[in-house]
Amino acid sequence: SQVELGGFPHFMLKEIFEQPETIRNAMRGRLDREQATAVFGGLNLEPRQLRSIDRMVLTACGTSWHAAMVAEYMIEEFARLPVEVEYASELRYRNPPMSPLTLLLAITQSGETIDTLAALREMKRKGHRSLAICNVVGSTIAREADGGVYLHAGPEIGVASTKAFTSQCVVLALIALHLGRLRHLSYEAGLRIIDELEALAASVEKALETNDMARHVAGRYAGCDNFLYLGRQYNFPTALEGALKLKEISYIHAEGYPAAEMKHGPIALVDEHTPSVFIVPQGAVYEKVLANMEEIRARGGPVIAIVDEDDERASQIADEVIRVPHVADYLQPIVTAIPLQLLAYHIAVLRGCDVDKPRNLAKSVTVE
Ligand code: G6P
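Note that the coordinates shown come from a computational prediction; the quantities given were computed from them, not determined experimentally.

Peer 1: Any chance you could explain the sheet that holds strand 9 (residues 253–258) here in plain terms?
Peer 2: Across a sheet, strands are paired by hydrogen bonds formed along the backbone, either parallel or antiparallel in direction. Ordered by their spatial adjacency, five strands build an open sheet running 9-8-10-11-12, and the pairing between neighbours is parallel. Both edges of this open sheet fall to strand 9 and strand 12 (320–324), since each of them pairs with a single strand only. Averaged over all pairs of adjacent strands, the angle between their axes in this sheet comes to 20°, without regard to strand direction. Relative to strand 11 (residues 303–308), strand 10 (residues 276–279) is paired through four bridges, and the arrangement is parallel. Its bridge partner lying in strand 11, Phe 278 is registered against Ala 305. Sheet strands touched by helix 12 (residues 235–250): strand 8 (226–231), strand 9 and strand 10. Its angle to strand 9, the strand with the most contacts, is close to 175°. Across the sheet, helix 13 (residues 286–298) touches strand 8, strand 10 and strand 11, and the angle it forms with strand 11 is around 160°.

Rendered as structure tokens:
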């Protein structure tokens, strides 16, 4: 297994560092500049059928559910389709009224999560078409969905998902582009998205340079018992995922929240021992998040900020600053995930936790 680790102390760190490559693999052969769209081999749905979808239901568990939350914003922005995101464990026992034109999209790294499988079967029973985004080729969910897209991220060994999450976000952006181009999205907008996607792996490569800074910040806060993770719009799911990563591998209590909603509860937790990690790259809601940061500062809470490389204003408010390359809003969850994964990793290592096999958790949950 020393060979498999390729010189890294843990699979999780190895998998974090694989992300420029796994992101390239997720888009390889799928970008069509001629048509300014994304193309897939296995959707098994005609353009006519895709155009007639009236709604999408995205279902998943854990980190894959966070990717679904990112996709909700992407599909709304590019394809102008109503999207609902449901925990698979909830969807399977609900009976929501849905038209036959509602498409189910199941997202699962392993393709074996029992709740996601049950939700898929329940929706199929009711006549809905289904797609699955899986990493494991030939997995049960990949076989049972009507069509699907593979991540091609290679085996993910670390129990806490890292590279699968960023690949899921990439594939979901491709699906949003594909659906958008069948509906309202212009040729020009499609081409712009393709340009942005093609530049993404290089930005993720640069984001990995935050490793030293993440280790340094981890050293300062590894003794804290509570963390808040805050972001808005595309970076609200990022905040949920950052908090989950910390919880899973370091056993520190962490809550992800929409940055403005924190004043309706979590702000009561803020004191000098409770750091808030703000995901605040420049974009549509930058100013708004700055105001939320000020509120935390005013209550004496330490602020760790994930910001763009040339940021000035957030950096003045924050105690700790981690800089990542600037990308378009919908790609920010992918680039900002990197320092959040690294921060959780280094805190867990400093606390002596078993990073690759955290207590009580399983890589694939096949019991209800
Ligand atoms: C488990 C794993 C998580 C994963 C979740 C969903 O809880 O520990 O890392 O996100 O299952 O798994 P899936 O394979 O369906 O993506």
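Peer 1: Any chance you could explain the site of the ligand here in plain terms?
Peer 2: As a matter of local geometry, the ligand sits amid 16 residues, with Gly 62, Thr 63, Thr 108, Ser 110 and Thr 113 nearest to it. In terms of residue count, the dominant contributor to the shell around the ligand is helix 5 (residues 62–79) (three residues). Among the residues forming the shell around the ligand, the class breakdown is five nonpolar, ten polar and one charged.

Peer 1: Is there a simple way to explain the packing of helix 3 (residues 19–27) against helix 9 (residues 163–181) in this structure?
Peer 2: Two packed helices can be described by the angle between their axes and the distance between those axes. Remark: helix 3 packs on helix 9, axes separated minimally by 9 Å, with the N-to-C direction vectors making an angle of 30°. If you check the angle between helix 3 and helix 9, you find them roughly parallel. Classified by chirality, the crossing of helix 9 by helix 3 is right-handed. Across the interface between the two elements, Gln 19, Thr 22, Ile 23, Ala 26 and Met 27 of helix 3 pack against Lys 163, Thr 166, Ser 167, Val 170, Val 171 and Leu 174 of helix 9. Split by residue class, the contact of helix 3 with helix 9 holds six nonpolar, four polar and one charged.

Peer 1: Please explain helix 11 (residues 211–221) as it appears in this structure.
Peer 2: Residue pairs spaced three or four apart in an α-helix point in one direction, given the helix's 3.6 residues per turn. Among all positions in helix 11, only Ala 214, Val 217, Ala 218 and Tyr 221 are buried. The arc enclosing the buried residues of helix 11, seen along the axis, measures out at 105°, which places them on a common side. Of the exposed residues in helix 11, the ones pointing more than 90 degrees away from its buried face are Asp 212 and Gly 219. Check the buried side of helix 11 and you find it contacts strand 11, strand 12 and helix 15 (332–350).

Reading guide: rules and limits
- Here the residue numbers are simple positions, counted from 1 along each chain's written sequence.
- It should be noted that, the model being predicted, local features are given only for residues of pLDDT at least 70 and side-chain atom pairs only at 80 or more, the latter also being counted only at that level, while totals for whole chains, interfaces and linings use all residues.
- A pair of strands is considered paired only if DSSP assigns at least 2 bridges between the two.
- Only DSSP runs of H or I with at least four residues qualify as helices, and only runs of E with at least two residues qualify as strands; both kinds are numbered from the N terminus onward.
- A fitted line through C-alpha atoms serves as each axis, taken over the contacting stretch for helices, and the angle formed by two N-to-C directions is quoted from 0 to 180°.
- Contact between two residues is assigned when their C-beta atoms, built from the backbone, lie within 7 Å.
- Here, nearness is defined through the C-beta atom: a residue counts as near a molecule or strand if that backbone-placed atom lies within 6 Å of it.
- Throughout, the ten residues Ala, Val, Leu, Ile, Met, Phe, Trp, Tyr, Cys and Pro are labelled nonpolar, Asp, Glu, Lys and Arg are labelled charged, and all others, Gly among them, are labelled polar.
- Should an angle lie under 35 degrees it is considered roughly parallel, over 145 roughly antiparallel, and from 65 to 115 roughly perpendicular; all remaining angles are considered oblique.
- The hand of a helix crossing depends on one turn: near helix anticlockwise from the far one by less than a right angle means left-handed, and clockwise means right-handed.
- For the exposure call, what matters is how many other C-beta atoms sit within 10 Å of a residue's own: 20 or more marks it buried, 12 or fewer exposed, and in between partly exposed, using C-beta atoms placed from the backbone.
- For this quantity, the arc is that covered by the directions from the helix axis to the C-beta atoms.

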